[in-house]
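Okay, here's what each chain looks like letter by letter:
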Amino acid sequence: MEDIEIGIVGGTGGIGRWFAGFFKKEGYTVLVSGRKTGLDIPTMGKKCQVVIVSVPIGITPEVIGRVGPHMKKESLLMDLTSLKGEPVKSMLKSSVSEVIGLHPLFGTAADSIAGHKIVLCPARTRKWLDWLKEILTKNGADIIETTPERHDELMALVQVLNHLNSITMGMILRGSGVDLVELKRFATPMFHTKLDTIEKVFTNNPRLYAEIITLNPNIHKILDLYGKTLSRLKSLISKRKTETLVKLIQETSIWES
Ligand SMILES: NC(=O)c1ccc[n+]([C@@H]2O[C@H](COP(=O)([O-])OP(=O)(O)OC[C@H]3O[C@@H](n4cnc5c(N)ncnc54)[C@H](OP(=O)(O)O)[C@@H]3O)[C@@H](O)[C@H]2O)c1
């Protein structure tokens, strides 16, 4: 299957470009497109046996809707979106091709796929799933198969809660009026690690983090839990109830002590 042409819509930048490099190294012909470069979206769908959509989350269903109708039954349509529910639904609806949703749980700074996790949501597939798994496994990726719904539920914790927390901390730091240079001079190792995480959210690609949060279907559940937890903590901390806080930390821990 080495003479396969792989088209990546959104392959001119970000994680799409990273995967273009990955598949090229595997010996495949990779065509990439962006808003101003490469083949137009319908041509990409007609020409390539494998099409991967890797564009900002908010426009993903629309872009899938433009490529899907042009894909053949024996082709494979995939996406790299950080959410899986809507994209997989759109791929199934707009095409007759095989459909697999992918979410790499790593970013563009990764040197290789070895040791990194990648979520697969096989949605309508016969021959292509084995092809994909073989490439990923051969290169040392850790494959996790699940449904789009379960993926999005878990990402509400792994990504939404995590980034929401980083944005909250970053905004509080800004609101405190502290000078970053002075803050870093006083940082403990744990705080340095946290600052590095917060810096990524505020400097890398704010739209990506914003869409990961606002477009997750489980966002209201997380916001509700976040708000209730903060109110509960505020209530007992403002009364300086040390022993109650100690007990709460012990009782709510998900780790074995
Ligand atoms: N970045 C990551 O670490 C990461 C990790 C896992 C999953 N993802 C997922 O990967 C997807 C892409 O994210 P990213 O961070 O790689 O984004 P990005 O860096 O902003 O790159 C987006 C790509 O989409 C293209 N694009 C933008 N608007 C387009 C349009 N209307 N039509 C066609 N192409 C368009 C851009 O091309 P031009 O600029 O050339 O127009 C660029 O190639 C998202 O769904 C994200 O959730 C990202």
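In the block above lies the structure referred to throughout.
Just so you know, these numbers come straight off a predicted model, no measurement behind them.

1. A closer look at the pairing of strand β1 (residues 5-9)
The buried count for β1 comes to four of five residues, which makes it a mostly enclosed element. Summarising the sheet, β1 and strand β2 (residues 29-33) pair through five bridges and their orientation is parallel. Its bridge partner being in β2, isoleucine 6 is matched across the sheet by valine 30. Note: β1 against strand β3 (residues 50-53), four bridges, orientation parallel. Each bridged residue has a counterpart across the sheet, and for valine 9 the counterpart in β3 is valine 53.

2. What to know about unusual backbone geometry
With a phi close to 55 degrees, arginine 240 is a non-glycine residue in the positive phi region. Within the element layout of this structure, arginine 240 appears in the loop between α10 (219-238) and α11 (242-252). Taking the number of C-beta atoms within 10 Å as the measure of exposure, arginine 240 has 8 and is therefore exposed.

3. Let's talk about the site of the ligand
Lining the immediate surroundings of the ligand are 26 residues, of which Gly10, Gly14, Gly34, Arg35 and Ser82 lie closest. Elements supplying a minimum of two residues to the shell around the ligand: α1 (14-25) and α3 (60-67). Considering every element that reaches the shell around the ligand, the biggest residue donor is α1, with three residues. When its residues are assigned to classes, the shell around the ligand shows 10 nonpolar, 14 polar and two charged.

Analysis parameters
- Residues numbered from 1 in each chain as written.
- Predicted model: local features only at pLDDT ≥ 70, side-chain atom pairs only at ≥ 80, totals over all residues.
- Buried ≥ 20, exposed ≤ 12 C-beta atoms within 10 Å, placed from the backbone.
- Helix = DSSP H or I, 4+ residues; strand = E, 2+ residues; numbered from the N terminus.
- Pairing = 2+ DSSP bridges.
- Near = placed C-beta within 6 Å.
- Nonpolar A, V, L, I, M, F, W, Y, C, P; charged D, E, K, R; others polar.

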